[in-house]
Amino acid sequence: MTAKRTFLFRALMGMACLYWMAGCAPTHIAIQVESHAAPNFNASAQKRFSFLPPEGEKPLTQKLLVLIRSEMEKKGFVHDDRNPNILVAVRAGTTTEKRREPVVSRPVPVLMPSREGGTPETHYVIEGGGYYTVQIRQIRMSAFDAAGQKPGDELWQGEVSSEGDEDIGEIAGCLVSGLLRDYPAGRGKSRMTLRLSECR
């Protein structure tokens with residue numbers, strides 16, 4: 001009888017933990033940033049910027065231009081369409097990728113009938129191996145000298161990406177903030193985690 005009570009207590013505690021994790025755990029968004037700056041990029045002498053026509057869905061890209069402009073101005077750069085030093089190209093979108101779940105063996109407590117009323121045992125269940133689709137949100141920003149903007153001549157280039165079900169427009173603020181943290185220095189690859197509530 002004692003074994004049966006212990007088993008039921010553990011089962012209830014496990015269910016309580018699952019409910020807590022589903023309802024109380026904070027929701028975050030993990031983003032990856034990669035940026036590179038050219039050796040000859042003198043950002044302190046090139047403060048005025050303007051935008052090239054963006055690539056991607058128009059409602060989204062127009063929102064991104066506003067966010068990028070705001071972040072650039074916070075860093076001391078000036079938006080100037082008439083006489084810019086820097087031309088900024090922006091490309092954004094969402095892609096899908098098919099992945100396979102890992103195969104795992106999960107222990108499951110089972111109460112087996114016995115003369116004493118029940119004997120707790122551990123059985124193993126094989127799970128996983130199925131396929132699922134992941135949405136990848138990406139924003140790429142390139143900075144060119146206003147005198148010429150050929151591919152390969154970027155003074156600075158950065159890309160930010162994140163995975164999840166949220167619409168890219170809803171988390172654009174987080175993505176742009178993460179991307180522009182590395183401007184004007186190119187720090188290579190970095191990862192950061194932000195609260196989802198900070199993205200809207």
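## Details of the pattern of salt bridges
- Within this structure, the stated rule accounts for five salt bridges.
- Here Glu71 and Lys74 are joined by a salt bridge, their closest N and O atoms 3.5 Å apart. Taken as a pair, Glu71 and Lys74 lie in helix H2 (residues 58–74) at a separation of three residues, close to a single helical turn.
- Classification of Glu71 by relative accessible area gives buried; the value is 18%.
- Residues Glu127 and Arg106 are paired through a salt bridge, measuring 2.8 Å at the closest nitrogen-oxygen approach. With Glu127 in strand S6 (residues 119–127) and Arg106 in strand S5 (residues 104–112), the pair connects residues that are 21 residues apart, well separated along the chain.
- Classification of Glu127 as partly exposed rests on a relative accessible area of 30%.

## Some details on the nonpolar core
- Core analysis: the biggest nonpolar cluster contains 34 residues, and Ile139, Met141 and Tyr183 have the highest contact counts within it.
- At the level of secondary structure, the elements contributing two or more residues to this core comprise strand S1 (28–37), strand S2 (48–51), H2, strand S4 (86–100), strand S7 (131–145), strand S8 (156–163), helix H3 (172–180) and strand S9 (188–195).
- Ranked by residues supplied to this core, first place goes to H3 with six residues.
- Excluding residues within four positions of it along the chain, Ile139 makes contact with Leu64, Val90, Arg91, Ala92, Gly158, Glu159, Val160, Ile168, Leu175, Val176 and Leu179.

## So, the environment of Val108
- Among the structural elements, Val108 can be located in strand S5.
- For Val108, a relative accessible area of 21% gives the class partly exposed.
- Distance in space between the C-alpha atoms of Val108 and Thr122 is 5.6 Å, their sequence separation being 14 residues.
- Apart from residues no more than four positions distant in its own chain, Val108 is found in contact with Glu121, Thr122, His123 and Val125.

The rules behind each value
Residues numbered from 1 in each chain as written. Predicted model: local features only at pLDDT ≥ 70, side-chain atom pairs only at ≥ 80, totals over all residues. Heavy atoms only, no water. Salt bridge = Lys/Arg side-chain N within 4 Å of Asp/Glu carboxyl O. Helix = DSSP H or I, 4+ residues; strand = E, 2+ residues; numbered from the N terminus. Buried < 20%, exposed > 50% of the residue type's maximum accessible area, 1.4 Å probe, protein only. Core = buried A, V, L, I, M, F, W, Y, C linked by side-chain atoms within 4.5 Å. Contact = heavy atoms within 4.5 Å.

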